[in-house]
Amino acid sequence: MSRKGKVLVAMSGGIDSTVTALMLHDEGYEVVGITMKTWDYSSSGGSKKETGCCNLDSFNDARMAAVQHGFAHFILDIREEFGDFVIDNFVEEYLAGRTPNPCVLCNTHIKWRALLKRADALDCEFIATGHYAKIHQHDNGRFVVSKALDETKDQSYVLWGLQQDLLKRTLLPLGTYRKTEIRQMAMDYGYPELAKKSESYEICFVPDNDYRGFLKRRVEGLEQKVNGGNFIDKQGNILGQHRGYPFYTIGQRKGLDMAFGKPVFVTKIYPDTNTVMLGDETDLEQNEMLVGKLNFVKYDAITPGMEAVTKIRYKDKGTLSNLYPVETQNIASPHNIASPHNIASPHNIASPQNIASLHNIAALQVHFYENAKGIAPGQSAVFYEGDDVIGGGIIQ
């Protein structure tokens, strides 16, 4: 029996997860390493060889570290679980004119659930990963994700979807370290090559970083079906023709294949008519948005008008905002969407009877103090109180 308990560590073969496993081993945990194969690169058809966390070299690196330090290691094939959910969602979202974030879905719906299932089978009390974030228990008893010490590496944004049963059993040892310290630890453990290993920021199943090519290979005849739609301006004037609405994202400036005499940006996408609206950079600014598919982390109730810093993309610094719950029975009517005009009156804000139960909230209307730029439907919105994640959802 170990002093600290038994922990199942997700080991990709990269520096962060390897150091995580070795740190926990040194701290007295009984470590079991597991490497998950999520994607078969031979079926992707991309122009680049396997990279990142799912290639044979990475599997071997993870296994070697386990063998050298005397703990067990397994390889887990979750390609079927991964493909059905994450990749199908990725394609469906682009075909719906939205911009998905597959890493969030993979973390919250696939990897953590797969880890917990195997942890139970192996009698592991904990699961651990090499993410840069922290988990602590709030005074209210709930387990909370918060920002890492190293804000340049912080990954709390992609963990907003983790539910309480997952968080209470998760260890994130790297949250209190800087990346430079982790590289030094890898050197100290005797892995100089690992310490210098470059990091992959690509989507694992799009190793050549060409999502448009991936969609074309995945959806038969897509290019022929969507080619020749119209670029329009905000007055509805036709500016030219494009290659198909799924191949554009909100905020895109390059790769429009037309000269407009000034910088223009994709501001809206209309899949039903295969139309892409272009505008100036200021047309990307909005002061509100609707966020659905919510997961709440820090609290089990939301007060209408709650103040939070909202991040709308991974590298976003965040914008101060107010959160207004939209309850299930009200979601269908635009007149009932919470706004400062119909919810933040002295009669119905911040009183105990008006605190919205999380079970009844279908969405959050977010109102920014200053305009936010490049709000993209399909991306994650994550709400922070200080360093703590209040919760998050998908921009509608």
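To be clear, the structure that these remarks concern was listed above.
These figures come from a predicted structure and were not determined experimentally.

## Considerations on helix 1 (residues 15-26)
For helix 1, with 12 residues, the first-to-last C-alpha span of 16 Å sits near the 16 Å given by 1.5 Å per residue. Burial analysis of helix 1 places 10 of its 12 residues in the buried class, which makes it a mostly covered element. Every buried residue belonging to helix 1 is among Ile15, Asp16, Ser17, Thr18, Val19, Thr20, Ala21, Leu22, Met23 and Leu24, and all of these are buried. Two residues or fewer past helix 1, Gly28 is found with a positive phi of approximately 105°.

## Remarks on the pairing of strand 2 (residues 30-37)
Along strand 2, 7 of the 8 residues are buried, which leaves the element largely enclosed by surrounding structure. Bridge count for strand 1 (residues 6-10) against strand 2 is 5 bridges, and the pairing is parallel. Note that in strand 2 the partner of Lys6 across the bridge is Glu30. Once the chain exits strand 1 it traverses helix 1 before rejoining the sheet at strand 2, and the crossover so formed is right-handed. Where strand 2 meets strand 3 (residues 72-77), 6 bridges bridge the pair, whose relative direction is parallel. Each bridged residue has a counterpart across the sheet, and for Gly33 the counterpart in strand 3 is His73.

## What about the pattern of salt bridges?
Here the structure, examined in full by the defined rule, presents 14 salt bridges. Among the ionic pairs, Asp77 bridges to Arg79, the shortest N-O distance being 2.5 Å. Since its relative accessible area comes to 41%, Asp77 is described here as partly exposed. The exposure class assigned to Arg79 is partly exposed, which follows from its relative accessible area of 32%. Taking the shortest distance from any N to any O, the salt bridge between Arg218 and Asp88 comes out at 3.8 Å. One end of the pair, Arg218, is in helix 8 (residues 211-218); the other, Asp88, is in helix 3 (residues 79-95), with 130 residues separating them in the sequence. You can call Arg218 partly exposed: its relative accessible area is 40%. Shared partners join several salt bridges into a network, and the residues in it are Lys298, Glu385 and Asp388.

Conventions adopted
- Residues numbered from 1 in each chain as written.
- Predicted model: local features only at pLDDT ≥ 70, side-chain atom pairs only at ≥ 80, totals over all residues.
- Heavy atoms only, no water.
- Helix = DSSP H or I, 4+ residues; strand = E, 2+ residues; numbered from the N terminus.
- Expected span 1.5 Å × (residues − 1).
- Buried < 20%, exposed > 50% of the residue type's maximum accessible area, 1.4 Å probe, protein only.
- Pairing = 2+ DSSP bridges.
- Right-handed = clockwise from strand over helix to strand, strands pointing away.
- Salt bridge = Lys/Arg side-chain N within 4 Å of Asp/Glu carboxyl O.

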